[in-house]
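An overview of the molecular structure
What follows is the residue order along each chain.
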Amino acid sequence: MADSIMSKAATMEIPINSNGDTGTPEDDSLEQDLQQVMVSGPNLNETSIVSGGYGGPAGGIIPTSSIKDIRMKSRGVSMPNIQSSISQHGHHRDQHPGSSNHNTSNSAEEVPRGVAVEKLDSVKKWGINTYKCTKQMFSEKFGRGSRTVDLELEAQIELLKDTKSKYENILRLATALISHFQSMVQTQQALGDTFTDLSQKSPELQDEFGYNAETQKLLCKNGEALLGAISFFVSSVDTLVNKTMEDTLMTIRLYENARLEFDAYRSDLEELSLGPRDAAAMVRIEMAQHDYQIHRDKYERLRSDVTIKLKFLEENKVKVMHKQLLLFHNAISAYFAGNQQQLEQTLLQFNVKLKPPGSQKPSWLEEQ
């Protein structure tokens, strides 16, 4: 019966409507017979492959299990090994992505956490240091705390500050002299041009206007030479004051800050040393001793830097001012003595180069 039903199912075409139903009672019975065959039929793992077709000889039937064994043996692999390798591969595949994602998330979380902790420690140290220094500063102002004083170095620092203030005054006066003298030179230039014009338009006074025009032009030329000498003097003194001295004063400010920090941590260590000597206090004393040593080394290093810079500054100041004061004196004396040759020799001696005429005139935008 089963063979007749299978042959019938293999040769018949079952029409199916748009809803998927066959639509005939005969087809319903055929579907029930097929379901019965599928339930009561042989196991799929034990089915056979027919080499000939329906109704062929029994000798052409080959069990499928034997075909599977032949293929596996030809490849050198057995079914239990394949199943175990597949299960192990699936197990590792299930575990590996989760562990990598977990490690990646942990490393991604540790980076911002470490940066935040580092910033927090930096802010904490800055706050403690600011508090100690502020406390020390007020203690010194109100006469309650002691401060470290190097009398010799403090005297040199005060002398430098006073010298810088006086040199700044020289700069202001010399700059004002340049401004006034430049106005006078411009006036002499205009006056000489006027005399030249009048000498051409007044035949009866041509000689007199001509003499005065030549004199004003000569004074204007010597005035420009003097302006070049004074400008060179101002430039050199400005470099000495606003660069060399300022650099030394910057180091002095760092030294003074280091001195304040050193005294603050020294006072803190002295207060802890006078307190109790239990285990917690000894730990705090040890930490205070460590901080005190760090700021002491910083203070001594900057004090040495200040001493060296003050020494070199003094030598440089004497060298520069000796040259510039000699230039200023010789140029002023030659100009007011009317000695044009000596004035030119002074400029050559100190390598003063004059700017070409008209280079300092304002542009047409500035004149508007």
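Small disclaimer: the values here were computed from a predicted structure and weren't measured.

**A short note on the pattern of salt bridges**
For the coordinates displayed, the defined rule picks out 15 salt bridges. R259 is the partner of D263 in a salt bridge, and the nearest nitrogen-oxygen pair spans 2.7 Å. Taken as a pair, D263 and R259 lie in helix 6 (residues 206-273) at a separation of four residues, close to a single helical turn. Take D263 and R259: they sit in the same class, and that class is buried. Salt-bridge contacts for E300 lead to R296; the nearest nitrogen and oxygen are separated by 3.3 Å. A residue pair is termed a helical-turn pair when its members lie 3 or 4 positions apart in one helix, as E300 and R296 do in helix 7 (residues 279-336) at four residues. Residues participating in the shared-partner salt-bridge network are K164, E168, E246 and R253.

**What to know about helix 7**
Given a rise of 1.5 Å per residue, 58 residues ought to cover 86 Å, and the 83 Å separating the end C-alpha atoms of helix 7 matches this to within 8%. Immediately downstream of helix 7, the backbone of G338 shows phi near 75°, a positive value.

**Some details on unusual backbone geometry**
The phi torsion at N351 lies on the positive side, around 55°, for a residue other than glycine. By the element assignment, N351 lies in the loop between helix 8 (340-349) and helix 9 (364-367).

**Observations concerning the side chain of T163**
When you line up the elements, T163 lands in helix 5 (residues 151-201). With relative accessibility at 12%, the residue T163 sits in the buried group. With near-sequence residues (within four places) excluded, T163 lies in contact with M245 and K317.

Reading the values: rules and limits
Residues numbered from 1 in each chain as written. Predicted model: local features only at pLDDT ≥ 70, side-chain atom pairs only at ≥ 80, totals over all residues. Heavy atoms only, no water. Salt bridge = Lys/Arg side-chain N within 4 Å of Asp/Glu carboxyl O. Helix = DSSP H or I, 4+ residues; strand = E, 2+ residues; numbered from the N terminus. Buried < 20%, exposed > 50% of the residue type's maximum accessible area, 1.4 Å probe, protein only. Expected span 1.5 Å × (residues − 1). Contact = heavy atoms within 4.5 Å.

What is shown is where atoms sit, not what they do.
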